[in-house]
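Inside the fold
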Amino acid sequence: MDYGTFRGLYTLFLLIIMIAIVVWAFSKRRKASFDEAANLIFADEEHSADNKNAGAKR
């Protein structure tokens, strides 16, 4: 096996890995968990706003 063949097989391997990651990321089974992760930043702000309001009521 010469160097050109090795580089071709390595490129094919990387292409297959990239396609697998894209399929995994855009699969419908993962959508709910990705949506939940995307909204975590907003949940933290709501939680800290609740704590600030609770402290002002004392």
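Conventions used here
- Residues numbered from 1 in each chain as written.
- Predicted model: local features only at pLDDT ≥ 70, side-chain atom pairs only at ≥ 80, totals over all residues.
- Heavy atoms only, no water.
- Helix = DSSP H or I, 4+ residues; strand = E, 2+ residues; numbered from the N terminus.
- Buried < 20%, exposed > 50% of the residue type's maximum accessible area, 1.4 Å probe, protein only.
- Areas by Shrake-Rupley, 256 points an atom, 1.4 Å probe, with all protein chains shown as cover.
- Phe/Tyr/Trp six-rings, centres within 6.5 Å; stacked < 30°, edge-to-face > 60°.
- Salt bridge = Lys/Arg side-chain N within 4 Å of Asp/Glu carboxyl O.
- pLDDT = per-residue confidence, 0-100.

Here we come to the overall build of the protein. Check the secondary structure of the protein and you find three helices and zero strands. When the elements of the protein are put in sequence order from the N terminus, they spell out α-α-α. When burial is assessed residue by residue, the protein has 0% of its 58 residues classed as buried. Only carbon and sulfur atoms are counted for the fraction: they give 65% of the accessible area of the protein, which is about 5,700 Å².

A few words now on the packing of aromatic side chains. The tally for this structure, following the rule as stated, stands at two aromatic pairs. Where F6 meets Y10, the ring centres are 6.4 Å apart and the plane angle is 20°; that geometry is what we call stacked. With F6 and Y10 both in helix α1 (residues 3-25) and four residues apart, this pair spans about one turn of that helix. Residue F6 is classed as partly exposed on the basis of its relative accessible area of 47%.

Glancing now at the pattern of salt bridges. In total, this model carries one salt bridge according to the counting rule given. Between D35 and K31 there is a salt bridge, and its shortest N-O distance comes to 3.1 Å. Of this pair, D35 and K31 are both found in helix α2 (residues 28-38), four residues apart, which corresponds to roughly one turn of the helix.

Averaged over all residues, the pLDDT of the protein is 84; the fraction at 70 or higher stands at 74%. Of all the helices and strands in the protein, helix α3 (residues 40-57) carries the lowest mean pLDDT, 67, while α1 carries the highest, 96.

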